[in-house]
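# Coordinate analysis (summary)
For reference, the chains in residue letters:
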Amino acid sequence: MREKLQQIKEEALLKLKECQNSQMLDELRVKYLGKKGELTTILRGMGQLSPEERPTVGKIANEVREEIEAAIEETLKQIKQREKNLRLSMETIDVTMPGRANRIGGLHPLTKALDEIKEIFIGMGFSIAEGPEVELDYYNFEALNIPKNHPARDEQDTFYINQNVVLRTQTSPVQIRVMENKKPPIRIIAPGRVYRSDTADATHSPIFHQVEGLVVDKGITMASLKGTLDAFAKRMFGEKTRTKFRPHHFPFTEPSAEVDVSCFVCGGTGCRVCKGSGWIEILGCGMVHPDVLRAGGIDPEVYSGFAFGLGLERIVMIKYGIDDIRLFYENDVRFLKQF
Ligand SMILES: [Zn+2]
């Protein structure tokens, strides 16, 4: 029986040396140490031995088992190392290959300009208000002193949802909505999309953006309006910018004005951007009409206010010398990445 054990041991160690992979190793483990394995069979036969022989043979059998187990462990380690090396050699990275640059997006020029405008007005104590783009005729026209028969309605070619609902043609309806919900003092700007049924060309688009402004409080005068918009122009276009208020007419303000800024390209001497005049028109404004204050539930005998509205695209086009409004909406990266 001792010879038999010795033989099993030698055979097992030899086979383990030749073992190439983990599957073969498993087979050897079963063959020698498994429940029906050779060593186990021997141990089961120990009952036939004499009581004197049993401890000695048992001891040898255990030693053989331990040796085989240790050899299996060692072989397993070697196999794993070999497989790992093989895997690593197949996954070699070619460090000389050129890298792939990450393309980082940027803000749209309109978003950028709007952020700048918001920051300027927030710095002057304004907050941001919003209103619906699908708007009631009442807020878009009626409450802003533009009754059904008013010629201004013909000028604005409007998208009508039905007789009483339109896609807002201006951000001005937000003025009424704010006044209805808030007691003076009111100091808001309302940026947003507006719609006109215009055919798109270099200067027209059926969708564009406006920024509305409204201030209502006791003792608000034309001087407040001029001071506020002059401060805005200087922040937006540069400290040397001068402003000029030209009388104009809007149904919802009285008196009304259009605001020009001194050309920030030529400084006022005349150039291509200002078409030789030295001035560039940037927005419309005025003192809120008493009827509009009343429509917002505010007593014009107690309170007064001013309002203004600017076209965001127009401001950005002037600032960067962009000559076609359609460029803003085409999403051409060659255009967008210039900003
Ligand atoms: Zn100029």
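My aim in this report is to walk through the structure given alongside it, one point at a time.

Calculation criteria
- All residue numbers here refer to positions counted from 1 along the written sequence of the relevant chain.
- The predicted origin of the model limits local features to residues at a pLDDT of at least 70 and limits the giving and counting of side-chain atom pairs to 80 or more, whereas totals for whole chains, interfaces and linings rest on all residues.
- Computation of side-chain values: all heavy atoms of the structure, hydrogens and water removed.
- Accessible area is worked out with a 1.4 Å probe on protein chains only. A residue is then buried under 20% of its type maximum, exposed over 50%, and partly exposed in between.
- Starting at the N terminus, helices and strands are each numbered in turn, a helix being any DSSP run of H or I of at least four residues and a strand any DSSP run of E of at least two.
- Contacts: residue pairs with any heavy atoms within 4.5 Å of one another.
- Note on donors: an N, O or S atom is included if it sits within 2.8 Å of the metal, or within 3.2 Å for Na, K and Ca, and water is never included, so sites can look incomplete.
- Only two sets of limits are used to name each site, 85 to 135 degrees for every angle of a tetrahedral four-donor site, and over 155 degrees for opposite donors with all other angles from 65 to 115 for a square planar four-donor or octahedral six-donor site, with any other site named irregular.
- Residues belong to one nonpolar core when they are buried, are Ala, Val, Leu, Ile, Met, Phe, Trp, Tyr or Cys, and are joined through side-chain atoms within 4.5 Å.
- Note on pairing: DSSP must find at least two bridges between two strands before they are called paired.
- Buriedness for pockets is judged along seven lines, at least five of which must meet protein on both sides within 12 Å for an open set on the 1 Å grid over protein atoms alone, while cavities are sets there where a 1.4 Å probe fits but cannot get out, and lining residues have an atom within 4 Å of a point.
- Grid points are joined across faces, edges and corners, and a volume is the space filled by probe spheres set on the points.
- Each residue receives one of three labels: charged for Asp, Glu, Lys and Arg, nonpolar for Ala, Val, Leu, Ile, Met, Phe, Trp, Tyr, Cys and Pro, and polar for the others, Gly being one of them.
- Each aromatic pair joins two rings of Phe, Tyr and Trp (for Trp, the six-membered one) with centres within 6.5 Å, and gets the label stacked for planes under 30 degrees apart, edge-to-face for over 60, and tilted for any other angle.
- Angular values range over 0 to 180 degrees, each being the angle between N-to-C directions of two axes fitted as lines to C-alpha atoms, with helices fitted over their stretch in contact.
- Each angle gets one of four labels, with under 35 degrees taken as roughly parallel, over 145 as roughly antiparallel, 65 to 115 as roughly perpendicular, and the rest as oblique.
- Throughout, a crossing is termed right-handed when the near helix is turned clockwise from the far one, and left-handed when it is turned anticlockwise from it by less than a right angle.

Our focus in this paragraph is helix α8 (residues 173-181). Pro173, Val174, Gln175, Ile176, Val178 and Met179 are the residues of α8 that are buried. Next to the buried residues of α8 lie β2 (134-136), α6 (137-140), β5 (186-195), β6 (207-217), α10 (290-295) and β10 (304-311).

For the zinc ion, the full set of protein donor atoms is Cys263 (SG), Cys266 (SG), Cys271 (SG) and Cys274 (SG), and the range of their distances to it is 2.2 to 2.3 Å. Because the angles between the 4 donor atoms bound to the zinc ion fall within 103 to 115°, the donor set is best described as tetrahedral. What makes Cys274 buried here is its relative accessible area of 4%.

The step from Pro184 to Pro185 runs through a cis peptide bond, and the omega angle for that step is 5°. Examined against the element boundaries, Pro185 turns out to sit in the loop between α8 and β5. The step from Glu254 to Pro255 runs through a cis peptide bond, and the omega angle for that step is -5°. Relative to the elements of secondary structure, Pro255 occurs in strand β8 (residues 253-262). Backbone geometry at Lys275 places phi at a positive 55°, although glycine is not the residue there. Among the secondary structure elements, Lys275 is positioned in the loop between β8 and β9 (279-288). We classify Lys275 as exposed; its relative accessible area is 77%.

A word on the nonpolar core. Counting 41 residues, the largest nonpolar core has Phe232, Ile282, Leu283 and Cys285 as its most contacted members. Once residues within four sequence positions are removed from consideration, Phe232 is found in contact with Ile117, Ile120, Phe121, Met124, Ile282, Leu283 and Leu310. Listed in part, the 22 residues of the second largest apolar core include Leu144, Val174, Ile186 and Ala190.

Every regular strand shows the same layout, with side chains that alternate between the two sheet faces. Of all 10 residues making up β9, 8 are buried, and the element is well covered by its neighbours. Here β8 runs beside β9; their pairing, made up of 8 bridges, is antiparallel. In the strand pairing of β9, Glu258 is matched with Gly284. In the sheet, β9 pairs with β10 via 5 bridges, with the strands oriented antiparallel. Its bridge partner being in β10, Gly284 is matched across the sheet by Gly309.

Looking at the second largest pocket, its volume works out to about 240 Å³. Lining of the second largest pocket is provided by Arg103, Ile104, Gly105, Gly106, Leu107, His108, Pro109, Val333, Leu336, Lys337 and Phe339. When the residues that make up the lining of the second largest pocket are grouped by side-chain class, the tally is 6 nonpolar, 3 polar and 2 charged.

Let's shift gears to the packing of aromatic side chains. In this structure the tally under the stated criterion is 11 aromatic pairs. Ring geometry for Phe121 and Phe308: centres 5.2 Å apart, planes at 25°, overall stacked. Placement of the pair is Phe121 in helix α5 (residues 109-123) and Phe308 in strand β10, with a sequence separation of 187 residues. Centroid distance Phe237 to Phe264: 5.0 Å. Interplanar angle 10°. Geometry classified as stacked. You can see Phe237 sitting in helix α9 (residues 222-237) and its partner Phe264 sitting in the loop between β8 and β9, a full 27 residues away along the chain. The class of Phe237 is buried, set by a relative accessible area of 11%. Put simply, the rings of Phe121, Phe126, Phe232, Phe306 and Phe308 touch in pairs and so form one group of aromatic residues.

It is worth spelling out the packing of α5 against α9 at this point. One way to put it is that α5 packs onto α9 with a least axis distance of 10 Å and a crossing angle of 135°. By the angle class used here, α5 and α9 are oblique. As α5 packs across α9, the resulting crossing turns out to be right-handed. Together, Ala113, Glu116, Ile117, Ile120 and Phe121 of α5 and Thr228, Phe232, Arg235 and Met236 of α9 make up the contact between the two elements. Class assignment for the residues of the contact of α5 with α9 results in 6 nonpolar, 1 polar and 2 charged.

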